[in-house]
Structure formats: structure tokens, C-alpha cells
Amino acid sequence: MVTGAAGFVGYAVASRFVEAGCEVHGFTRSGAGLPSGVEPVHGDLLAEDSVRKAVAQVAPEVVCHLAAAVRVRESRTDPVRYWRTNVGGTLAVLDALAETGSGSAKLILASTCAVYGEPERQPIGENAEPAPSNPYGAGKLAADRAAADLAATGAIGAVSLRSFNVAGGLPEHPDRDESRLIPKVVAVAQGRATELVVNGDGTTVRDYVHVLDMADAFLAAVGVCEPGQWQAYNVGGGGRTRIVDVIATTERLTGKPLPVRHQAGAAEPPELIADPRSFQRATGWSAHRSGLEQILGDALAAARSAYAPGE
């Protein structure tokens, strides 16, 4: 069962499990936007009874929990909603799994590098001390700890995948959240937005991982999810990409300049880079699609296939 299966990453995860031959159910309010081969199971993450009913109906061997509110800056202005969704929703899933009583269910939890805050030492390994600097990261860390506590009772096995910047796209399924850099760059390049506004000089460094590599990580995590245990792994592409690199690569791929306007720098970490070696050693996973050119090429192609002319 995949929560958030109609979302950008959740869609790719659900599709990957279908490709692997699994019977996949997408936990959803409406049933719209699910990948081919995914059966809807209806409910609302914030309604505990409906989550409990869905888990009882499906009796999943694996739950991939991706439904969440995910905007760092928005979490600072609307913290209660972020805590309610990201912590309350996770608690509803944990409660439903605990009630099954089998002890064999596996939970793969979508976590985030935001739990680490702004560590000076890069790249970031799992031994970095969590120090979230915003409600989004704080809530995700609380969700991780709740999963760890339930796993310690023997009720489930759990793995938290702490992703860095997920990007790219699938045919007809782009990332539509233009508060993120790459979707905004794509929108400007394709004429759906007038300009890219860059905070500061564009030298902020981030680690991008292709959404299909992230989906592979969820599938791989099932193999290292053990009953009664919880483990966190950092998942990133391992590259060091600046905003100016994203702009230059987009201009090269499209053959035209990107309208850019700079403004004062925002309060954000100057560098966030994953050390994914622990996950690679445990599972054999690799981010083989996560070069910047492929990520941007797939993001551009996905948007062309999804947006009507002039949209």
C-alpha cells in the first residue's frame, strides 16, 4: 500500500512496485491520478478510522508512506498543518499497522535531509546529529522516531529514507510544485512562467536524485527492513549542483537563454550533500539516473507531455 501514490514521488514508487510484480494499492481520497495497475483504497490520512479500515482491508505486507506536506518555507508560516499532516498522519498509519498484530508488516517511510538542519560537515551521513531548523524537518524527525519506537515493540519493521532533492520526471507526470527550483526552471524555459527568481548569487549547492532512482530506493529498502528494527538511510545522487549549474544546463538543453532575476539571499543552508554509501552497501542501490543533464532532460520532457500548449 502506497500513501501519496498520486504525488510526484509516490506515483513513481507505486509504478515501480507494479513493475516489480507486486499487487499495489494506492491510499487516496479521490482515486484520481494513480498509476496504471494501482488499485485505489479510499480514505483520508487525517481520519484515523479510515486509515485503520484501509490497512485492515488491504492487509499490506509493505506500506510505503509518502503522503505529506513538503514545503520547508510554508512550514514556517503554517506549522500546525505540517505537524498535523506529517506527524498526525504518520501516527494514524502506525496505529493501523500496530492493530494488525502480525509483527511482519514493513513500513518504508519517506523522510528528509531536513531532519539534519544545517550541518557544517558535508557530505551528510546517518551519524550526523539531527537538528531540524524548520517545522517540516522537526515533524519528519518526530515521525521517524515514532516509527522507531513502534518497531522496537516488534509490531513492525521500519526504514526511513532521508531523501535529498528529488527531481526529474516520468512521461506525463512532471513535478508540478513550482516552489522547487527545477520545476520552476522548467516552467520558465517552456514559457509557463516569465522569470526565475534566484535568492543570492546562485552558488547554493544541493544534491539532486532522480525520482526513478528514489523509487528504486523504496523497492530496495524492503529487502533490509527487518521485523522489530528501524533504520534510517540517506538517499541522494551524490552530486554537487549549484543553481547556476541548473540554469546553464537548462540553457544548453533548450538552446535559449533563461530569464533570471536575482534578489537578496534567503536564510537557507549553503550546502546539503548526501553520503548514500550506507544504503548502497546495504542494498546495492545506485543513483544511476541522477546526472544533472538526465534529470533536467526528463523534467523538460515530462512537462512537455503533461501541459497543454499555453497552459
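First things first, this report covers the structure right here in the doc. None of these values were measured; they are calculated from a predicted model.

## So, the sheet that holds strand E13 (residues 230-235)
Link 1 in the chain: Reading across from one edge, E3-E2-E1-E4-E5-E6-E13 is the order of the 7 strands in this open sheet, with parallel pairing throughout. Of all strands in the sheet, those bounded by a partner on one side alone are strand E3 (38-42) and E13.
Link 2 in the chain: Examined bridge by bridge, strand E5 (residues 106-112) and strand E6 (residues 157-163) share 7 bridges and lie parallel to one another. Within E6, the residue paired with Ala110 across the bridge is Leu161.
Link 3 in the chain: Docked against the sheet, helix H4 (residues 79-100) engages strand E4 (62-65) and E5, running at close to 175° with respect to E4.

## With respect to helix H8 (residues 243-254)
Link 1 in the chain: Here H8 spans 17 Å end to end across 12 residues, near enough to the 16 Å set by a 1.5 Å rise per residue.
Link 2 in the chain: Within H8 the residues assigned to the buried category are Ile243, Val246, Ile247, Thr249 and Thr250.

## Here's the deal with the packing of H4 against helix H5 (residues 135-152)
Link 1 in the chain: Running from amino to carboxyl end, H4 crosses H5 at an angle of 15°, the nearest separation of the two axes being 9 Å. As the angle between them shows, H4 and H5 are arranged roughly parallel. Crossing hand, H4 versus H5: right-handed. Contacts between H4 and H5 involve Pro79, Tyr82, Trp83, Asn86, Val87, Thr90, Leu91, Leu94 and Ala98 from the first element and Pro135, Tyr136, Ala138, Gly139, Lys140, Ala142, Ala143, Ala146, Ala147 and Leu150 from the second.

## Quick look at the packing of aromatic side chains
Link 1 in the chain: Under the counting rule described, the total for this entry stands at 2 aromatic pairs.
Link 2 in the chain: Here Tyr233 and Phe279 contribute two aromatic rings whose centre-to-centre distance is 5.2 Å and whose plane-to-plane angle is 55°, an arrangement assigned as tilted. Of this pair, Tyr233 sits in strand E13 while Phe279 sits in helix H9 (residues 277-283), and the two are 46 residues apart along the sequence.
Link 3 in the chain: For the pair Phe279 and Trp285, a centre-to-centre distance of 5.6 Å together with 55° between the ring planes defines the contact as tilted. For the pair Phe279 and Trp285, one class covers both residues: buried.
Link 4 in the chain: Taken together, the aromatic side chains of Tyr233, Phe279 and Trp285 make up a single cluster linked through ring pairs.

## As for unusual backbone geometry
Link 1 in the chain: At the junction of Gln122 and Pro123, the peptide bond is cis and its omega measures out at -5° in the coordinates.
Link 2 in the chain: If you trace the backbone, Pro123 turns up in the loop between E5 and H5.
Link 3 in the chain: Even without glycine at this site, Ala59 takes up a positive phi of about 50°.
Link 4 in the chain: Within the element layout of this structure, Ala59 appears in the loop between helix H2 (48-58) and E4.
Link 5 in the chain: Given the relative accessible area of 55%, Ala59 is considered exposed.
Link 6 in the chain: We note that Glu172 has phi near 65°; this positive angle belongs to a residue other than glycine.
Link 7 in the chain: Its location among the elements puts Glu172 in the loop between strand E8 (169-170) and strand E9 (173-174).
Link 8 in the chain: Given a relative accessible area of 58%, Glu172 falls into the exposed group.

## Let's talk about the nonpolar core
Link 1 in the chain: Counting 35 residues, the largest nonpolar core has Cys64, Ile108, Leu161, Met214 and Phe218 as the members making the most contacts within it.
Link 2 in the chain: When contributions to this core are tallied by element, the ones reaching two or more residues are helix H1 (8-19), E4, E5, E6, helix H7 (211-222) and E13.
Link 3 in the chain: Apart from residues no more than four positions distant in its own chain, Cys64 is found in contact with Met1, Val2, Thr3, Val13, Phe17, Ile108 and Phe218.

Here is what the cut-offs are and how they apply
- Residues numbered from 1 in each chain as written.
- Predicted model: local features only at pLDDT ≥ 70, side-chain atom pairs only at ≥ 80, totals over all residues.
- Heavy atoms only, no water.
- Pairing = 2+ DSSP bridges.
- Helix = DSSP H or I, 4+ residues; strand = E, 2+ residues; numbered from the N terminus.
- Contact = heavy atoms within 4.5 Å.
- Axes fitted to C-alpha atoms, helices over the stretch in contact; angles between N-to-C directions.
- Expected span 1.5 Å × (residues − 1).
- Buried < 20%, exposed > 50% of the residue type's maximum accessible area, 1.4 Å probe, protein only.
- Parallel < 35°, antiparallel > 145°, perpendicular 65-115°, else oblique.
- Left-handed = near helix turned anticlockwise from the far one by under 90°.
- Phe/Tyr/Trp six-rings, centres within 6.5 Å; stacked < 30°, edge-to-face > 60°.
- Core = buried A, V, L, I, M, F, W, Y, C linked by side-chain atoms within 4.5 Å.

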